[in-house]
Structure formats: C-alpha cells, structure tokens
Amino acid sequence: MIFEHLPALEVAVPLVAAPVTLLLRRAAAAWAVTVAACVFSFVAALLLAAAVAAQGPISYALGSWPPPWGIEYRVDALSAFVLVLVSGMATAVALFAWRSAAAELPREQLYLFYTMYCLCVAGLLGMTITGDAFNLFVFMEIASLSSYVLIALGRDRRALLASYQYLILGTIGATFYVIGVGMLYLATGTLNIADLAARLPQVADTRPVLAALAFVTVGVSLKLALFPLHLWLPNAYAYAPSAVTAFLAATATKVSVYVLLRFYFTVFGARLVVEELPVEEVLLVLSLVAIATASLVALWQADLKRLFAYSSVAQIGYITLGISMASHAGLTAAVAHLFNHGITKGAIFLLLGGVALRTGRVGFDRVRGLGQAMPLTSLGIVIAGLSLIGIPGTAGFISKWYLVLGAIEAGRWWLAAFIVATSLIAVAYVWRFVEAAYLAPAGAGTPERGEAPRPMLVTAWILVGACIWFGFDTSFSAEGARRAATLMLGGAP
Amino acid sequence: MSGGPLIAAALLVPAVGAALIAAAGRWPNLREAATLGTAALLFAVVLALLPRVLAGEAPALEAIEMLPGLSIGFRLEPLGMLFALVASGLWIVNSVYSIGYMRGNDEPHQTRFYVCFALALAATMGVAMAANVLTLFLCYELLTLVTWPLVTHHGDDAAKSGGRVYLGVLLGSSIAFLLPAMIATWAAAGTLEFSPGGILGGAGLSPAATAGLLALYMFGIGKAALMPVHRWLPAAMVAPTPVSALLHAVAVVKAGVFTVVKVIVYVFGVDELAALGSADWLPVVAGFTILAASIVALRSDNLKRRLAYSTVSQLSYVVLAAALLVPLSIAAAALHIAAHAVAKITLFFAAGAIYTAAGKTEVSQLDGIGRRMPWTMAAFALGALSLIGIPPAAGFLSKWMMFQGAASAGHWPVLAVLSLSTLLNAAYFLPIVHAAFLRPPREGDAPHGEAPLPMVAALTFTAAATLVFPFFAGIPLALAGALGGLAP
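Here is a short report on the structure shown in this document. Since the structure is predicted, the reported quantities are computational estimates derived from the model, not experimental observations. (Residues numbered from 1 in each chain as written. Chains lettered and ligands numbered in written order. Predicted model: local features only at pLDDT ≥ 70, side-chain atom pairs only at ≥ 80, totals over all residues.)

### Let's talk about the overall build of chain A
What counts is decided by this rule: A run of H or I in DSSP becomes a helix once it reaches four residues, and a run of E becomes a strand once it reaches two; helices and strands are each numbered from the N terminus. Radius of gyration here uses only the C-alpha atoms, and the compact-globule reference equals 2.2 Å multiplied by the residue count raised to the power 0.38. Residues are scored as being in contact if the C-beta atoms we place from backbone atoms lie within 7 Å.
Secondary structure assignment for chain A yields 19 helices and 2 strands. Taking 23 Å as the expected radius of gyration for a compact globule of 493 residues, we find that chain A reaches 21 Å, a close match to that expectation. Over its C-alpha atoms, taken along the principal directions, chain A stretches across nearly 70 × 55 × 40 Å. When contacts within chain A are restricted to residue pairs at least 6 apart in sequence, those whose partners lie at least 24 apart make up 79%.

Structure representation (structure tokens):
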C-alpha cells in the first residue's frame, strides 16, 4: 500500500517535482507543482510522525535491499520531528514565494527558482530521513548545490559573492564530512548508521574513529554555522531572495544540527562523545562565544536581514549549548529550539520579505514609522521578536525554559545567568526595530501606507500565530523533543 | 453559574469588550457605552464571585497544560478577590472620568485608548486570579505590553522617552530577575502552584539561597516599584491622567504589590520565611524606599510627579508590611492595597480635573484654586488625609494595622519609619490643600470653573468612598483577615 512507501515518497515526490517544474517552464504551473509536492511531503511527514509515535521507528529498505546492504530510510522520534519542521516550513515558504519570488526575480528565471527549491527541499528531507551515512552526503550535496543557486538568484549583485563564499565553505564542510564517513567505513566496513552504531564500540578508541569524529564535527559545524565557522551565513541570508532566506534560516541549519545530533548520539554514542572526549567542553565554549558575540554584533547591524542573520548564529549557539549539556533537559531544549527557532525565524524573514517588497531593502532607514505604514507586518515582527527573546506565551519560551532548567539541574547557576543576560541582548536588538518602527517619525525611505500582498501576509501571519500557538500547546513541540531526547540518551536508535 | 465559568467570564468580558469597543470606534457614544457596559458587567461578575470566596471556597479554572505539571490555570483566593474587586469597581468610576477627560481635552486616538484600557483590565483580572507563578507572570507581562500604548498615548518626544523607560524597566526587570526566579522555583520545588504555606518548604534551600531567590522576586517584580526599579513609575506619568489614575495608582502598581504579597504568602510561606530569617533585608529596602520616595515627592513641583513618588512610597508600605511576616501585617498589606487604591485614584482624578479645567500641572500654580474648583479640591483634601492616615478615612485603618503588626513583632525601627513617613506624607500633601483654599488666587489667571461633570462626579464618588470605607470595611477586612490567617 501507499502508506508503506511513505518514507520513500516523502523525498521522491519533491525530487521528481524538480524536473517536472523544469519541463513545465511556466512560472504558475511550476509554482503549483512545487506547492503540491511540499504539501504532500508535509502530510506524509505528519503521518510518519503519528505512526512513529504510535508504534516506534519505521525502517524502509529502498528497492527492497535489506539494510545494511541496501540504503535504509529510517524514521524515528528525532527524524520525524525534523521532517515535520522542514516540510512544514517548505510548504509555508512555497506559498509565500508566489508573490515574493515573482517580485524579486526575473520572470524568465522563475521556473528555475522552483526547480532549485524542490531540489533543496528534497535534499534536506533526504538528509533527515536517510539511515545511510553516505546517502546523507549525497543529499547534503543536493541541498547545498541547490541552495548556492537559490542564494545567487538574489537581486543584489553581492548575492553572487555571498553564494560563492557559501559554496567554498559549504564544499569544505561537505568534504570534511565525507572524509569522516570514509574513515568510519575503513574502520567498520559499513555505511548504514544503525550498523555503524553497532560496530563502532569495538573500535571506538582507535585513531581513525577519533579522527572521523573530528572531521564530521568540523564538517557539519560548517554547515550549521557554529561559531567561528559561521562566516558564510550573514551574507548568504542578507542577499538571498526573501523566500530563500526564510527557508534556509528555518530549515537548512536545523537539518545540519540534526545530522550532528545523529552522529553524536546514534553513531558515536553518548559514551564516547560525552564521557571520553572533551567534545562537551569545546561545544560549550563555542556556544557561549557564539551567543555572546553574535548577539552583540547583531545589535550593531544597519540592515534588518543581517541583524536577524547574526541573531540566527546566536540562536544556533543556544541549540548547541543544549547539546553540550548532554542531559535530558539540555537535549530537549536543543531539539525544541530547533523547531521553535525555525518557525520564529521563518516568520520574521517572511515578514521582512514583505517589507523588502514595499521598500526595496530592509535597512533601518527604511523601516522608520513602519508601525503606521505596515501595522500588521510590524506587529508580526514584534510578536516573533518576543518569541526570539523567549517571553512566556511564545514558542521561544518553551525552549529557553528547558535550557535554563538544564543549566540549573547541572548546578551551573552562572550558565542560567548567562542565558538570561544574553536574552536581554535579544531584547535590545528587537527593541531597535520597535524604536524605528513605532517611535521614529517616518523618513524618506518609509513606504506609503499599505501592507504586503495578502498571500504573503497571510502565510507570514500563520507562522506568527504558530509562534504563539506553540507557546501554549506543546504537545507536538516539547513532547516530540522530549521523546527525541529520550531516544538519543537511551541509545536505542 | 459555578466558580469556573465565572472566572472565565471575568477574563473574557473585558477582552470581548475590547473587541466591541474597537468595532464601535466610529460612533463615540456607542463606543463609550460599550466601555461602561463592559465595566459594569465585569464588576457584576466579580461581585458574583465574592460570596463564594467569603464562604471559603476557591473557585478554579484549569485552562491549558503547557508542559507536564506546568499549566495555565486560575484560582481565586481572598487576596486576588480583593484586588479584582478594587480594580473592576474602580474601572467603572474611571471610565466615567475618562469620558469627561478624553472629550474635555479633545485627545486623539480615543478608540485605541479605550481598547487598551479594556485589555489592561483583562490582564489585571488574569493577575488577580492566577493559580500559579507562570500564569501570573504571563498576565503580568501582558499587562505591561497592553499599557504601553497608553503610556505613549501622546506620541510626542516626552511620551516616547517615558514609554522607553516604562517598557525597559518593567520588561527588563521581569526577564532578568523574575523569569529566572520562576525557573529556579520550579527547579527547587517541582511545582509553581500557589498554595497556602508556600511551596518551597520541602525544597531544603539554605537561608542564603532563599534570600537570593526572594531578592530575584522582589526586584523582578518591577511593578511594585521597590527602589531602584521604581524609575518606570514617574516616567509613566506622561500618560493621560485617567491612565495614571487607574493603571498607575490601581491596576498596574497594585498588580506589582499584589504579586509581592502573593509570592511571600503562597510561594515562600510566611512561617518558612520567618523561620529562615531570609526576608530580614526586605524591610530595610522597603523602609528606605518609603522615606526616599517621600523626600523626592516633597521636592517635586509637578503635581503628577509628586503623586507618582507618593505612590512609590505607598507601594513600599505594602511590601514593608508583608515583609514583617506576622498575620496582622500581612492583613494590613492586603488592606492597604485597597485603601491606597481608592485614595490615590481620587488624587489623580483631581490632578486631571485641574489640568482639564485650568491647564495647570505644577503645585506652585495652585494658589487659591480651591475657590474655583471647590468639589475637586475638597476631594483632593480627603484623598490626602486618607493617605496620611487620619481617621476616619480609609488609609487610617490599614496604617493602624501596620503599626500594630510592627509593634507586635517588636520591629521598632519599622515603627519609626512609619511615623516619620506619616509626617512626610503630611508635609507634601497639606501645603497643596493649604495653598488651594487659603492663599489668594494669582493675578492674571484665566477664570475657570470646575472640570466637566463626569470628572467631578467620578472624583466626588471616590472621595466619598474614602470617607465611608472604614464603615463598610467588613468585606475587605474579612478578605484580608482570611489571607493573614486571622479569625474573621
């Protein structure tokens, strides 16, 4: 039945949609196919998540070649959770792109945009669902190559440079990753993740395995923009088309975090990573520096997209901080923040896309008096900003809660104080927007009164609503994160 | 109706009212009718809850479970009842006053004003009825956010800089201190539900840790305006006077001291705190705030600023009384929440009436104004006497209990602070009354009469309430007594 093949279809549908959009060539048709593919993946992801919650992990043998010989697709509590986030955000951004991409891209390139978008979605979903370390590399390349193109489509010529930067660093990251996987293959003779996990303990302390861990860590950290490997991110986010920024910010780095979690807690195992090596300490220090410096740098940006790009680097720091605690609360915080930050940043970048459409770009000089000119957009940014800070009643609070709880449980009061203090920096940079939008008089760059086109505004506000919804109803976000954390610490893949 | 639905009604009535007010924005008379109707309905709902609470019930409404063991829920106990009663009752009077003030001064954005006001009341009801620290915190933050457009109402530079301080101090203190305090409480006690006797008893925190946690709460609750987190209160005086009257003399500041009392009684536990001695530093800070704020009030020529600092000082009376940790002083704290509310709203009403009728804002301009505005200034005099604590006005009762509580606990320095501050109260209020009635009017003042009728009616009503309060003090006393664990 079709349900049996859902894990394959989850990836195959957007993957097939990509050449279809290329053949259709008409922007409207390409858009319709893209949306249909994304909606299909989203529904499939929800069904898979429900199935996993009900009856445990699903293993799917691609082409009926049983693992570890064939490629296995594996959906468990952690990957199902990330699949829902990626496919959900893909759907929202696809809906948003109808007007946004049409306004920002040349007409004749529009169908190519959708082709690349479908490829990128397929790549990210594939990275999440696959249970094979080399197959993961293939999907990582699909997602990366398509995202280089997507970023380069930005109107500003600097997008080309940003894309090039990302290409260089992204390729180095992917190379490091594949070198690490190669070493693991040498040491164990398998590429299947579950099989790797089973075989690694026998060779755990050998030098190639430790080197593999280092290579994978650095490679994936480049892709997830862990400080100080984040240098590609601000430019890529700032100059990419609005829809692309929103999609990448909400999903691409999150999937890389997922890969890191997968390798640390499934492949290498908490024992090796946490107890024997100082990964925890290194990650902790890097996270702290990421949070503090990126938040402070965000404070001084003149462009809102860059501001929130640096804020993303800081927020990724919170996620890796949760990972570095390696406790149940810490991992719950990390996974929950993956989701909560994804929807929050998605909402902010979609709203900024609306602003960019009306003003050309999103410098602070263009948003003066925006509260009057675009009241719903401004309010949305403020609400999503509150979620970014972690005010109770918003999604961001839930992950902050677990993060501070994790710090207190570990007896690290200074860490709890640090988290709170850096949240105050977030208050400051969100406040800069409030100051400009509500307290400054309208300037020369301020648009006439009027909102972004309705489809854009509605999609963005659905995400803003999600920021509030998931602040109260945590039966999916926190519950799913808790289950994922249990899975990771329990050792059972 | 049973308790739960009534609580839901108390939260929803002002929220729905806000929507109706917004919908009726184009027809001012309809809009004001919606405000008054909502206020009256809310008061009726709160009154319907009163007999249950007096009978010792605790009506509850469990709403949403956010995380396991952590929920948004509401439960009404005596202190919350008292606060809800005061805030909802005074909202009616304040609405009448607002109509006179906003129309008399031809203020802009009146629809936004009434909408935010109704939302602020919804948040206040949430604060009053919260069943746990999380719910309280949520409503507390909401109250800050919905009152912000009211503070920056005029939209000029002064309003903006006032709004900046308002939001900065209130939001900053709550995120920096209150939020960690809440999470630490959860980590220590495993629950955030308010319960008689406190929830930290079994947590085994050391006296120093308890003191630290208490400090996080006390300075995190910026709305209680304990120095040095009091700066937002004078800054908020840029708002139109009805906002200062209801929000910054009743709802917002009382939400602050209400939370202080609630946290001391239901989170820490009075006996627990007294046994550990972890609250010993609090009377010192509160006493300092009382005296320092009184001195600033004495030196302020701007009338609203003087009233604002008087509020800062009076709020610390409540904190001081609660910090003494004896039943009588806890009851006094609760009672003072009500007594100060009635008196201070009268004073702000009078200040707004003076501004509307005469355009005067400074104390030094008020010579002889009592002859032109006898009702207003008589009401002002009554409010002032009440705050000084002269019988039979409302403030006397709570002050008397405070003195008694301090004496019974043997806190002699506290007695000294209370006496000294009473003198200071007299020193900054009585010259105004003296100037208004006994000095001749200045040359060159434009002739004017009383403020518009709704305003005068409102302030006369609250002044009368100050006067008759002690004779009808049974209900507040019963509620305050129930809180302090005194026999009724």
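Structure's up, so let's keep going.
### Topic: the overall build of chain B
What counts is decided by this rule: Three exposure classes are used. Buried residues have 20 or more other C-beta atoms within 10 Å of their own C-beta, exposed residues have 12 or fewer, and partly exposed residues fall in between, all C-beta atoms being placed from the backbone.
What chain B contains, in helices and strands, is 19 helices and 2 strands. Over its C-alpha atoms, taken along the principal directions, chain B stretches across nearly 70 × 55 × 45 Å. A buried classification covers 62% of the 488 residues belonging to chain B. Contacts spanning at least 24 positions in sequence make up 80% of the contacts within chain B whose residues lie at least 6 apart.

### Overview of the interface of chain A and chain B
Inclusion rule: Classes in brief: Ala, Val, Leu, Ile, Met, Phe, Trp, Tyr, Cys and Pro nonpolar; Asp, Glu, Lys and Arg charged; the others, Gly included, polar.
Contacts between the two partners involve 17 residues from chain A, matched on the other side by 18 residues from chain B. Of all elements in the fold, only α16 (395-409) and α17 (413-439) of chain A reach the threshold of two or more residues within the side of chain A that touches chain B. Taken together, the residues of the side of chain A that touches chain B sort by class into 13 nonpolar, 3 polar and 1 charged.

### Concerning helix α11 (residues 282-299) of chain B
Residues and elements named next belong to chain B. Let me state the cut-off plainly: Given the number of residues in a helix, its expected span is that number minus one, multiplied by 1.5 Å.
Relative to the 26 Å expected for 18 residues at 1.5 Å per residue, α11 spans 26 Å between its end C-alpha atoms, a close match to the ideal helical length. The set of residues buried in α11 consists of Leu282, Pro283, Ala286, Gly287, Thr289, Ile290, Ala293, Ser294, Val296 and Ala297. Looking at the buried positions of α11, the neighbouring elements they touch are α7 (207-220), α12 (303-323) and α17 (412-438).

### Considering the packing of helix α13 (residues 327-358) of chain B against helix α15 (residues 374-388) of chain B
Residues and elements named next belong to chain B. Basically, it comes down to this: Angles run from 0 to 180 degrees between N-to-C directions of axes, and those axes are lines fitted to C-alpha atoms, restricted for helices to the stretch in contact. For this classification, under 35 degrees means roughly parallel, over 145 means roughly antiparallel, 65 to 115 means roughly perpendicular, and everything else is oblique. Two helices that cross are described as forming a left-handed crossing if the nearer one is turned anticlockwise from the farther one by less than a right angle, and a right-handed crossing if clockwise.
Where α13 meets α15, the closest approach of the two axes is 8 Å, and the angle between their N-to-C directions is 150°. Between α13 and α15, the crossing angle belongs to the class labelled roughly antiparallel. Where α13 crosses over α15, the handedness of that crossing is left-handed. Here α13 contributes Ala343, Thr346, Leu347, Ala350, Ala353 and Ile354 to the contact with α15, which in turn contributes Thr376, Ala379, Phe380, Leu382, Gly383, Ala384, Ser386 and Leu387. For the contact of α13 with α15, a count of residues per class yields 10 nonpolar, 4 polar and no charged.

### Side note on the nonpolar core
Formally: Put simply, a nonpolar core is a cluster of buried Ala, Val, Leu, Ile, Met, Phe, Trp, Tyr and Cys residues tied together by C-beta atoms within 7 Å.
A:Phe81, B:Ala10, B:Leu82, B:Val261, B:Val319, B:Ala334 and B:Ile337 are the most contacted members of the largest nonpolar core, which totals 421 residues. Dropping the residues within four chain positions of it, B:Ala10 is found in contact with B:Leu42, B:Val45, B:Val46, B:Ala84, B:Met125 and B:Met129.

### Some details on the environment of A:Ala437
Residues and elements named next belong to chain A. On the secondary structure map, alanine 437 appears in helix α17. Along the backbone, alanine 437 and arginine 366 are 71 residues apart, and their C-alpha atoms lie at a distance of 9.2 Å. Not counting the four nearest positions on each side in its chain, alanine 437 is found in contact with Val367, Leu370, Gly371 and Ser378.

### Side note on unusual backbone geometry
Residues and elements named next belong to chain A. Cis geometry is found at the peptide bond from phenylalanine 227 to proline 228, where omega equals 0°. Here proline 228 shows up in the loop between α8 (207-224) and α9 (232-239). Despite not being glycine, serine 64 shows a phi value in the positive range, around 60°. Tracing the sequence through the fold places serine 64 in the loop between β1 (58-61) and β2 (72-75). Positive phi, close to 65°, is recorded for alanine 225, a residue that is not glycine. Mapped onto the secondary structure, alanine 225 falls in the loop between α8 and α9. Using a count of 28 C-beta atoms within 10 Å as the deciding quantity, one classes alanine 225 as buried.

### As for the environment of A:Leu233
All names here are of chain A. Inspection of the secondary structure assignment puts leucine 233 in helix α9. Separated by 11 residues in sequence, leucine 233 and leucine 222 place their C-alpha atoms 9.8 Å apart. Beyond its immediate sequence surroundings of up to four residues, leucine 233 is in contact with Ala225, Ala309, Ser312 and Val313.

### Quick notes on α12(B)
Residues and elements named next belong to chain B. For α12, spanning 21 residues, the distance from its first C-alpha to its last is 30 Å, which sits close to the expected 30 Å at 1.5 Å a residue. With 20 of 21 residues buried, α12 is to be regarded as a mostly interior element. Once α12 ends, the next one or two residues include leucine 325, with phi positive near 65°.

### Looking at the packing of helix α1 (residues 6-24) of chain A against helix α2 (residues 27-55) of chain A
All names here are of chain A. Two elements in contact, α1 and α2, have axes whose closest approach is 9 Å; the angle formed by their N-to-C orientations is 175°. Taken together, α1 and α2 sit at an angle that is classed as roughly antiparallel. In this structure, α1 uses Leu6, Pro7, Leu9, Glu10, Val13, Pro14, Ala17, Val20, Thr21 and Leu24 to contact α2, whose residues at the interface are Ala29, Ala30, Val33, Thr34, Ala37, Cys38, Phe40, Ser41, Ala44, Ala45, Leu47 and Leu48. Considered class by class, the residues forming the contact of α1 with α2 number 18 nonpolar, 3 polar and 1 charged.

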